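Architecture at a glance
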Amino acid sequence: MATLTAAAVLLSACSSSNSDKNAAGNGAASSNPAASSENPSGGKDEITLYTIQSTKPGFQEWLKEAEEKSGVKINWVAAPTDSDTRQQKVSTILSSGDSSVDILEVNDEMATSFKNANWLEPLQNTVLTEDVYSQLPKGYMEDMLTSTKGDVIGVPSYSGYLGLWVDQKKLDEAGMTSIETEEDFVKFMKAATKDGQYGYGGSWEKTYVFNEIATFVNLFGGDYFDWTNEGSRKAIQFMYDMANTWKVTPVDQIADKYEQMNQKFIDGKYAMVFMWGTGTDYEQAGRYGKDQIHMINMPQFAKRSIFTDSWSFVLNSSSKNKEAATKFLKYAASVDGELDGWKYFGKYPARADAAGNEAVSGDIKEVYTQIQQTSEVRGRPMLPQTMEFISEMGTLFQNYIQDKITLDEFCTKAQAAVERYK
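An unreviewed UniProt entry lists the protein under the name Extracellular solute-binding protein, from Cohnella cellulosilytica.

Rendered as structure tokens:
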């Protein structure tokens, strides 16, 4: 519990802006008289949902539609906003066998911590049957929502990509129309680095850089858990060269989190970054658009690969209302359920067929669709002691970037960390 609690505090920082956007909750009980742990659901077609969405505009409308389409009465409990408190409460509910909550919404960090603990009901034979599962991002489902026994324990409610964002004005100045390959990526970085501006900007603080290291490892066809893999070594060497050989990104960004990185990108200091979500920060700053900052498809190095995150619905193994809970989960996993998430909360559907529906529209749809069709979509490589692992890898990376250790030393120490936390 101490490990989970400590991890939750910092892991919230490593999650996507899209996750943060969708993770609101006021920590208070619902106005619904049945919505508290003291008033558990008791009817045959009645459940209690532990939700992060209750303070969002559209929640009541979504709730009404979810009840109508699932045929289940939904009582609800508002999850706390604070990630530490939220994970502690979810841990307590599940580990104690508390049956007052049937369905819970969990993020990737909680899914990683809980999926092998036998606290969550397997869904592959009841909800995530082949016709449904085939529409979901296979890599993400295997990485984040599948236990070591092969049980699938969650229904993802959206896809939020860690995509490549470019400043179109700088791309035009470089005389380029796209970034399709590793060679294009390097060419653009070098062309855009001038007058105190850099071709690439990162969030290289030790608990954040994990996302970028893992992204480059995947692009080079490596394995984040195998630092003898040549693709993994190429990825970390590439990041070193960006900062030290080509000098197309600043070493001092090892202090930067997403807030600092995004502000510098908005201010024109960077030409491209990897960032989560659908561009809310850029839109609010008046810098979002096809002629300004926008997301593009992932370039192909050894392959095209991208991370997605999500909040997922899971079924408490101690639930006494599993039949009703299964009805709700079938709705949540359906095309209608995913489209309702888009309609009421702006969540981009995880199901490919739902994402392709004409009801899903906007600037982001074109690139999200292209990504779904061309890129391997993965969940981030996490281990049960996630924060300890992330922090140690971040520290090793910073030491390597600052020439305190060699590439061979980094890889040896990184592999030792994998084995220790696995």
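With respect to the pattern of salt bridges
This model, assessed by the stated rule, comprises 18 salt bridges. For Arg-380, the salt bridge identified is with Asp-108, shortest N-O distance 3.6 Å. In this pair, Arg-380 is assigned in the loop between β10 (376-378) and α18 (386-401) and Asp-108 in helix α5 (residues 108-114), connecting sequence segments 272 residues apart. One exposure class covers both Arg-380 and Asp-108, and it is buried. Arg-304 is the partner of Glu-180 in a salt bridge, and the nearest nitrogen-oxygen pair spans 2.9 Å. Taken together, the residues span a long stretch of sequence, with Glu-180 in the loop between α8 (168-173) and α9 (182-192) and Arg-304 in the loop between β7 (293-296) and β8 (305-309) at a distance of 124 residues. By relative accessible area, Arg-304 is classed as buried at 16%. Each member of the salt-bridge network shares a partner with another, and the members are Glu-65, Lys-69, Asp-340 and Lys-343.

Comments concerning the sheet that holds strand β3 (residues 103-106)
A sheet is described by the order of its strands in space; here five strands give the open sequence β2-β1-β3-β9-β4, paired in mixed fashion. Only two strands of the sheet have a single neighbouring strand rather than two, namely β2 (73-78) and β4 (155-156). Pairing analysis gives four bridges linking β3 to strand β9 (residues 312-315), with the strands arranged antiparallel. The residue bridging Ile-103 from the neighbouring strand is Leu-315, located in β9. With respect to the sheet, helix α3 (residues 59-70) is in contact with β1 (46-51), β2 and β9, its orientation differing from that of β2 by roughly 145°.

Quick notes on unusual backbone geometry
Note: most peptide bonds trans; most residues except glycine with negative phi. Phi is positive for Asn-118, close to 65°, though the residue is something other than glycine. Summarising the element assignment, Asn-118 is placed in the loop between α5 and α6 (130-133). A relative accessible area of 55% places Asn-118 in the exposed class. In this structure, Lys-247 takes a positive phi of about 55° despite not being glycine. Summarising the element assignment, Lys-247 is placed in the loop between α11 (230-245) and α12 (258-266).

Here's the deal with the packing of aromatic side chains
Describing an aromatic ring pair means giving the distance of the ring centres and the angle of the ring planes. Under the defined criterion, the tally for this structure stands at 37 aromatic pairs. When the centroid spacing of 6.1 Å and the interplanar angle of 65° are considered together, the rings of Tyr-200 and Phe-274 count as edge-to-face. With Tyr-200 in the loop between α9 and α10 (210-219) and Phe-274 in strand β6 (residues 272-276), this residue pair connects regions lying 74 residues apart in the sequence. With a relative accessible area of 1%, Phe-274 lands in the buried category. Ring plane angle 75° and centroid distance 5.4 Å describe the contact between Phe-238 and Trp-246, whose orientation is recorded as edge-to-face.

Some points on the pairing of β7
Covered by surrounding structure in β7 are Ile-293 and Met-295 together with His-294 and Ile-296, the residues of both alternating faces. Pairing analysis gives four bridges linking strand β5 (residues 160-167) to β7, with the strands arranged antiparallel. Along β7, the bridge assignment pairs Val-166 with His-294.

Structural notes on the pairing of β9
The alternating pattern of β9 places Ser-312 and Val-314 on one face and Phe-313 and Leu-315 on the opposite face, and all of these are buried. Strand direction decides the pairing type here: β4 and β9, joined by two bridges, are antiparallel. Along β9, the bridge assignment pairs Pro-156 with Ser-312.

Focus: the environment of Asp-340
Position of Asp-340 relative to the elements: it lies in helix α15 (residues 335-345). Residue classification places Asp-340 among the buried residues on the basis of a relative accessible area of 3%. Sequence separation of Asp-340 and Ala-359 is 19 residues, and the distance between their C-alpha atoms is 9.9 Å. Non-local contacts of Asp-340, meaning those with residues more than four positions away in its chain, are made with Trp-62, Glu-65, Lys-69, Tyr-331 and Phe-345.

Focus on the nonpolar core
Counting residues in each nonpolar core, the largest one holds 135 residues, and the members touching the most others are Trp-62, Phe-185, Phe-216, Trp-227 and Phe-410. The leading source of residues in this core is α18, at eight residues. Other than its neighbours up to four places away in sequence, Phe-410 contacts Trp-227, Ile-236, Met-393, Leu-396, Phe-397, Tyr-400 and Ile-405.

Regarding α3
Compared with the 16 Å implied by 1.5 Å per residue over 12 residues, the 16 Å span of α3 between its first and last C-alpha is a close match. Buried within α3 are the following residues: Phe-59, Trp-62, Leu-63, Glu-65, Ala-66 and Ser-70. Among the residues trailing α3, Gly-71 stands out with phi positive, at a value near 75°.

Calculation notes
Residues numbered from 1 in each chain as written. Predicted model: local features only at pLDDT ≥ 70, side-chain atom pairs only at ≥ 80, totals over all residues. Heavy atoms only, no water. Salt bridge = Lys/Arg side-chain N within 4 Å of Asp/Glu carboxyl O. Helix = DSSP H or I, 4+ residues; strand = E, 2+ residues; numbered from the N terminus. Buried < 20%, exposed > 50% of the residue type's maximum accessible area, 1.4 Å probe, protein only. Pairing = 2+ DSSP bridges. Contact = heavy atoms within 4.5 Å. Axes fitted to C-alpha atoms, helices over the stretch in contact; angles between N-to-C directions. Phe/Tyr/Trp six-rings, centres within 6.5 Å; stacked < 30°, edge-to-face > 60°. Core = buried A, V, L, I, M, F, W, Y, C linked by side-chain atoms within 4.5 Å. Expected span 1.5 Å × (residues − 1).

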